[in-house]
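# Examining the three-dimensional arrangement
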Amino acid sequence: MSRLFSDREGDDGLPGGERRLAVIALVLGTLMAVVDTTMINIALPSMARDLDISSSRAIWITNLFQVVCAAMLLVFAAASELLSRRKVYVGGIGLFTLAALGSALAPNFETLLVFRALQGVGAAATLSIGPSLYRMIFPSRLLGSALGLSSLVVAAGYAAGPSIGGLILSVARWPWLFALNLPLGLAAVVMAWRALPREAPREGNFDAIGAVSSMLMLGGLFMAMDAVGHRAPLLEIVGWVALTCTAMLGFVCRQRRASHPLLPLSLFREPRFRLAVGAQGTAFIGQGLTFVALSFLYQQEMGFSALHTAWLFTPWPLTIMLVGPLAGRLADRFNPALVATLGLVLLLMGLVSLASLPADAGVLDSLWRTALCGAGFGLFQPPNNRELMTSVPLARSANASGVMSTTRTVGQSLGVALVGLCLAAGTGVQQALWIGAATTLLALCISIVRVGRAGRAHGEARALRAS
């Protein structure tokens, strides 16, 4: 860990001593967003009972947060160029914290939804630019290790969230889940304001038309996938798809004409960036699908309780926590695309083994399979993130960060929708797991294509730093 804060002549980024406080601020912001989501999922039955609403309505406490967050990611990534990433990040944490207080004090369901939407806005502000801040803070030679630390934090949040939520609910009511964000948020705001790097804002206008079309496009896409996953009427699904396609067409046309586009389409002319985004999106489809499919497989087909199911998931985030930092260090030393490709091989093997899991399998049969998936994903994500972020100029890192966050969110949501389709069609969760393996195979093929190109770029960058 001390290696992340070492100095070497010619380093870009912040000096080693200044990185520590900045990293703590980023870690706190990430943990707040990740842990909040997993804790609230655990509390939904209690919230439905206390607020006197149905379970289907209670789901919107989570859904609305996710829809708003997904719709705002590209908007905040672009806004950070005009306002500075430091101000956007601090403002996002501040809004998230204040909205958490509002959620804790909400007297009814409708008020709670308003504050959950505001929490989604705050989370989007922090998550959209997090990776680009890591690139600003750390020198290029340590970027993979830094992104590996970020993966560890996210995995730790997913692993600890349900346990923290269960512990709090065992001694207090659900508003205290939101109140937990207050001391963490205040500490993160102070540290982020003091430690995050300052930068000169870009001159020019904000692409308001592009922002509106982006929100409609991503919000409509998320709602369409949610409708599919919950087996909504066909007319509702078609309506959301039509909105998404119309907004997408308007967004692309606007980005080609705008003097300062919300998302410069020139980013996608870089093959390394394009392939990294493709590999990430298809891999996250597989992961998002598997997380939901395994819940049904363990409980409905294998007869495990909800508590046992939660424990059976544990090896996945735990192995990411162990492998992620190592993968980041390997990506700094070797071809990151090659390391990511090896990770996808392990992930594919794990998903195929899960799809082949017999109905009479025991606990150990499942544990090693989920551990293999976690090891593969942990080996894939930090190197792929490094390749994605370093394939574009530093001036475009905020846009690249927004694309990364959006691709991750959309990929996971599409995976959930595919599980809903399989259940609606009566094909079962085993078929869904095979679809997850197929999308991971596609990610592997994409990653193989880029290995040579990424290797040459990595070698040139190392030679440049050595000269």
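Structural notes, computed from the coordinates. Keep in mind that what you see is a predicted model, and the values were worked out from it rather than measured. The residue numbering used here restarts from 1 in each chain and proceeds along that chain's sequence as written. Per-residue local features are limited, in this predicted model, to residues with pLDDT of at least 70; the limit for side-chain atom pairs, both in listing and counting, is 80 or more; totals at the level of whole chains, interfaces and linings are taken over all residues. Note that the side-chain values use all heavy atoms of the structure and ignore hydrogens as well as water.

This part takes up the overall build of the protein chain. Numbering of helices and strands runs from the N terminus; a helix is a DSSP stretch of H or I covering at least four residues, while a strand is a stretch of E covering at least two. On a plain count of helices and strands, the protein chain comes out with 17 helices and zero strands. The globule rule used here is 2.2 Å times the number of residues to the 0.38 power, and the radius of gyration it is set against is calculated over C-alpha atoms. For a compact globule of 467 residues, the expected C-alpha radius of gyration is about 23 Å, and the protein chain comes in at 21 Å, within 12% of that figure. Its C-alpha atoms put the protein chain at 60 × 45 × 45 Å along the principal axes. Residue exposure (1.4 Å probe, protein chains only): buried if accessible area is under 20% of the type maximum, exposed if over 50%, otherwise partly exposed. Considering the protein chain as a whole, with its 467 residues, one finds that 56% of them fall into the buried category. Contacts between residues were defined by any pair of non-hydrogen atoms, one from each residue, lying within 4.5 Å. Relative to all contacts within the protein chain whose residues are 6 or more apart in sequence, the contacts with residues 24 or more apart total 84%.

Two aromatic rings from Phe, Tyr or Trp, using only the six-membered ring of Trp, form a pair when their centres are within 6.5 Å; if the ring planes differ by under 30 degrees the pair is stacked, by over 60 it is edge-to-face, and anything between is tilted. In total, this model carries five aromatic pairs according to the counting rule given. Ring geometry for Phe268 and Phe273: centres 5.4 Å apart, planes at 70°, overall edge-to-face. Here the aromatic residues Phe284, Phe377 and Phe380 are joined through ring pairs into a cluster of three or more. In this scheme, Lys NZ or Arg CZ marks a charge over a ring once it lies within 6 Å of the ring centre and within 35 degrees of the ring normal. Cation over ring: Arg86 sits above Trp193, and NZ or CZ is 3.6 Å from the ring centre.

Glancing now at a nonpolar patch on the surface. Any residue with relative accessible area above 30% and no salt bridge may belong to a patch, with like charges joined within 9 Å and the nonpolar Val, Leu, Ile, Met, Phe, Trp and Tyr side chains within 5 Å. Surface accessibility follows the Shrake-Rupley procedure with a 1.4 Å probe radius. Residue values consider only the protein chains on display as shielding. Take a side-chain nitrogen of Lys or Arg and a carboxyl oxygen of Asp or Glu: if they are within 4 Å of each other, that pair is a salt bridge. On the surface, a nonpolar cluster with roughly 200 Å² of combined accessible area is contributed by Ile164, Leu180 and Leu184. Structurally, Leu184 is set in helix α8 (residues 181–195).

Looking now at the packing of helix α4 (residues 85–105) against α8. With axes taken as lines fitted to C-alpha atoms, and helix axes fitted only over the stretch in contact, angles between N-to-C directions fall between 0 and 180 degrees. The N-to-C vectors of α4 and α8 enclose an angle of 165°; their axes lie 9 Å apart at closest approach. It follows that α4 is roughly antiparallel to α8 by the angle criterion. Two packed elements cross with a definite hand, and for α4 against α8 that hand is left-handed. On α8, the residues that touch Arg86, Lys87, Tyr89, Val90, Ile93, Gly94, Phe96, Thr97, Ala100 and Leu101 of α4 are Asn181, Leu182, Gly185, Leu186, Ala188, Val189, Ala192 and Trp193. Broken down by class, the residue content of the contact of α4 with α8 amounts to 12 nonpolar, four polar and two charged. Roughly parallel means an angle under 35 degrees; roughly antiparallel means over 145; roughly perpendicular covers 65 to 115; every other angle is labelled oblique. Crossing handedness: left-handed means the near helix sits turned counterclockwise from the far one by under a right angle, and right-handed means the same turn made clockwise. Residues are grouped as follows: nonpolar covers Ala, Val, Leu, Ile, Met, Phe, Trp, Tyr, Cys and Pro; charged covers Asp, Glu, Lys and Arg; every other residue, Gly included, is treated as polar.

So, about unusual backbone geometry. Positive phi, normally seen in glycine, also occurs at Asp52, with a value near 60°. Looking at the element boundaries, Asp52 is found in the loop between α1 (16–51) and α2 (55–58). Its identity is not glycine, yet Ser84 carries a phi of approximately 95°, on the positive side. Judged by relative accessible area, Ser84 falls into the buried class, the value being 6%.

Quick look at the pattern of salt bridges now. The tally for this structure, following the rule as stated, stands at five salt bridges. Between Arg173 and Asp50 there is a salt bridge, with its nearest N and O atoms 3.7 Å apart. One end of the pair, Arg173, is in the loop between α6 (143–171) and α7 (175–179); the other, Asp50, is in helix α1, with 123 residues separating them in the sequence. For Arg173, a relative accessible area of 49% corresponds to the partly exposed category. A salt bridge links Arg272 to Glu387; the nearest nitrogen and oxygen atoms lie 2.7 Å apart. With Arg272 in helix α11 (residues 271–301) and Glu387 in helix α15 (residues 363–390), this residue pair connects regions lying 115 residues apart in the sequence. Residue Arg272 is classed as buried on the basis of its relative accessible area, which comes to 13%.

Position of Ser128 among the secondary structure elements: in helix α5 (residues 109–137). Exposure remark for Ser128: the relative accessible area of 0% places this residue in the buried category. Counted as a polar contact is a pair of N or O atoms within 3.5 Å, where, for protein atoms, one must be capable of donating a hydrogen and the other of accepting one, and residues adjacent in sequence contribute only when both atoms are in side chains. Only 3.3 Å separates the side chain of Ser128 from the backbone oxygen of Ala125, close enough to count as a polar contact. Ignoring any residue separated from it by four or fewer positions in sequence, one finds Ser128 in contact with Leu73, Phe76, Ala77, Ala398, Ser401, Gly402 and Ser405.

Moving on, we come to helix α14 (residues 336–355). Any helix carries an expected span of 1.5 Å times its number of residues minus one. Helix length check: α14, at 20 residues, gives a terminal C-alpha distance of 28 Å against a target of 28 Å (1.5 Å per residue), a fit within 8%. Along α14, 14 of the 20 residues are buried, which leaves the element largely enclosed by surrounding structure. Between a side-chain oxygen at the N-terminus of α14 and the backbone nitrogen of Ala337 the separation is 3.0 Å; the capping residue is Asn335.

Orientation of helix α3 (residues 60–83) relative to α5, taken along the N-to-C sense of each, is 35°, at an axis distance of 6 Å. Viewed along their axes, α3 and α5 form a crossing whose handedness is right-handed. For the contact of α3 with α5, the residue count by class is 20 nonpolar, five polar and one charged.

With respect to the helices and strands, Thr370 occurs in helix α15. Thr370 sits in the buried class, given a relative accessible area of 0%. Beyond its immediate chain neighbours, meaning those up to four positions away, Thr370 contacts Leu294, Tyr298, Leu312, Pro315, Trp316 and Leu354.

Take the buried Ala, Val, Leu, Ile, Met, Phe, Trp, Tyr and Cys residues and link them wherever side-chain atoms come within 4.5 Å; each set so joined is a nonpolar core. Counting 61 residues, the largest nonpolar core has Tyr89, Leu196, Phe273 and Leu388 as the members making the most contacts within it. If sequence neighbours within four positions are ignored, Leu196 has contacts with Ala22, Leu26, Arg86, Tyr89, Leu133, Ile137 and Met191. If you look at the next biggest cluster of nonpolar residues, it comprises 36 residues, including Phe284, Leu289, Phe313 and Cys373.

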